[in-house]
Amino acid sequence: MGAFKEPHGGELKQLYVSEAAAEEMKLSARDFNSWDLTDRQACDIELILNGAFSPLEGFLTREEYDGVLKDMRLPSGILWPIPITLDVSEEFAGALEQGESIALRDREGVLIATLEVADIWTPDKAAEARQAFGTEDPTHPAVHYLIEHAGPVYIGGRLTGVEPPTYYDFKLLRDSPAELRGRFRKLGWRKVVAFQTRNPMHRAHQELTFRAARDNEANLLIQPVVGMTKPGDIDHYTRVRCYEHILEQYPEQTTTLSLLNLAMRMAGPREAVWHAIIRKNYGCTHFIVGRDHAGPGMDSNGEPFYGPYDAQELFRTHEQELDISMVPFRHMVYVEDKAQYVPIDETTPDQKVLDISGTEFRRRLQEGLDIPEWFSYSKVVEELRKSYPPRHRQGFTVFFTGLSGSGKSTIANALLIKLLENGGRSVTLLDGDIVRKNLSSELGFSREHRNLNILRIGYVASEITKSGGIAICAPIAPYAATRQRVREIVEARGGFLEIHVATPLEVCEERDRKGLYAKARAGIIKEFTGISDPYEEPESPELRIDTVGLHPELAAHRIFVKLESLGFIR
Ligand code: PPS
């Protein structure tokens, strides 16, 4: 297999018009219906326009979509495993007609491309989830995205590129397929092995990629994904700094680094085939596929979504047609006596084999514990420690929930004082009443308004948490789904503890400190939580506290101890 053959499915698509034509398009597109691209769509469109998704020339039409879902093929017969769709709102789609051109803009309103509308349709999302990802289970990130975030209507059609997206970070590391092919040509690299990753690289990865290149007498392209990866992954800024350190460890002139603005779907086998097509388009001849390639983790029953080698098998079935060779990943382990990494199947029973799992590595990072040099280069570990400090240096949110009069504010205040006494971090109390006065003064108590109120609190708490502070929130927060959303936003930035102040309704009503229960019973206050409005009890809070017979100070102490045991304070 020689280098620089035509990309998958024929010529490399390059859909941008000339600068002069782009200027004209910007003027004429002023009258077009205009759609602001979502983050996912912004990634997809970039790779369609620059040819990384060749042979696609736009977002899938209905016929293309059906074929991709059914047997991974476009109407031309070319293999294409992942549906690349432009999902929009019903309102936007309702104003469109087939054949018209629409403007597609980035967040700042910059015109990225125009699309000639060929099809407008309402997809069967459950069927799409089953066919593309093999499951309807919403714990699969792509299924979750499809059901929770993607718009209800799809628009398909050809794109004309106006302006490539602007980046402010790592500009020199971002390449189009044509640019990377040009670099390989200039360097005289005829065989190139591509390595895909969404994680920091440690020594095992370095050894494996080094071997893959050596065994195939090829050069190496490290091409990490910096678009959208699995929620909870290490941010790309930190990862790229780590990759730059690891690049120093390869023999000079053998290896290059380039970033890929891909929005991953975590679709396992189908995703592996997709990744290979993309790398073929970038001019690579070989592609490394590991165990559980692009795996989405466990399903809601704790079972893996795909078998560990399903991706390799699917790739193997289509390898000829894909015209890019698979380099199957062998799990590398460290053999202490040899001070060397070796594929696990080449070790002997008498050898002492060392390995640190991803979970164990994260635990050590979180708790500030030792990470040995044999596992990862110290510069890489330092970089990770800077961005992901141990828990006692991270911010966190303590989120109280419970009925009015349950004692949330009293315990929250006691906790505030204890944390201030302990020192080291700024502490902010977002009490229900305070927030309603300052942040949410225009809101009432309908479900919609309560949710809005809680999401505002969650947003502020997440910003405080991100900056390394402590946020204590004490609203009623009666709806479980909204509390879950707050948890998700905050956990992306640091710690989150939900404390259910589970004082029974009868006790709260009997206390009736503010006289609100009496008014609620009399119908003077409407939509009152516990009386005329629901309260959904948390199923698994970090702590549940019943204040009956428990002094607030003791309650605060229990939370303090919990925070200590989790490593957030010491
Ligand atoms: S929510 O549901 O989380 O948005 O509520 P929250 O922001 O915590 O506000 C609750 C405080 O507002 C007073 N109040 C009511 N609570 C519940 N239902 C109704 N209809 C209502 N009307 C006014 C009440 O004092 C709550 O304060 P706490 O401290 O919880 O007693």
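Reference entry: report on the structure contained in this document.

Cut-offs used in this document
- Residues numbered from 1 in each chain as written.
- Predicted model: local features only at pLDDT ≥ 70, side-chain atom pairs only at ≥ 80, totals over all residues.
- Heavy atoms only, no water.
- Near = heavy atom within 4 Å.
- Polar contact = N/O pair within 3.5 Å; in protein donor to acceptor, adjacent residues only side chain to side chain.
- 1 Å grid on protein atoms, 1.4 Å probe; cavity = no way out; pocket = protein on both sides within 12 Å on 5 of 7 lines; lining within 4 Å.
- Sits in = over half its atoms within 2 Å of the grid points.
- Phe/Tyr/Trp six-rings, centres within 6.5 Å; stacked < 30°, edge-to-face > 60°.
- Helix = DSSP H or I, 4+ residues; strand = E, 2+ residues; numbered from the N terminus.
- Buried < 20%, exposed > 50% of the residue type's maximum accessible area, 1.4 Å probe, protein only.
- Lys NZ or Arg CZ within 6 Å of the ring centre and 35° of its normal.
- Points joined across faces, edges and corners; volume = space filled by probe spheres on them.
- Nonpolar A, V, L, I, M, F, W, Y, C, P; charged D, E, K, R; others polar.

Re the site of the ligand
Part 1: In the region of the ligand, 21 residues are neighbours, and S404, R436, R450, A477 and E527 sit closest.
Part 2: One of the backbone nitrogen or oxygen atoms of T529 is found 3.5 Å away from a nitrogen atom of the ligand.
Part 3: With respect to the pocket detection grid, the ligand is positioned in the second largest pocket.

With respect to the packing of aromatic side chains
Part 1: Taken as a whole, this structure holds 16 aromatic pairs when the rule is applied.
Part 2: Ring geometry for F396 and F568: centres 5.2 Å apart, planes at 45°, overall tilted. Taken as a pair, F396 in strand β15 (residues 396–401) and F568 in the segment after α20 (552–565) lie far apart in primary sequence, 172 residues in all. Of the two residues, F396 and F568, neither departs from the other in class, the shared state being buried.
Part 3: Ring pairing ties together the aromatic residues Y334, Y341, F361, W374 and F375, which thus form one cluster.
Part 4: Across from the ring centre of Y145, 3.8 Å away, lies the NZ or CZ of R40, which sits over that ring.
Part 5: Positioned over the ring face of F445 is R436, at 3.8 Å from the centre of the ring.

So, empty space enclosed by the protein
Part 1: The tally for this structure, following the rule as stated, stands at two cavities of 30 Å³ or more.
Part 2: Its volume calculated, the largest cavity comes out at about 120 Å³.
Part 3: Forming the boundary of the largest cavity are 13 residues, of which R40, T85, E128, Y145 and L146 lie nearest the centre.
Part 4: Elements supplying a minimum of two residues to the lining of the largest cavity: α2 (39–49), α5 (125–133) and α6 (141–149).
Part 5: Residues that form the lining of the largest cavity fall into these classes: seven nonpolar, one polar and five charged.

By themselves these figures say nothing about function.
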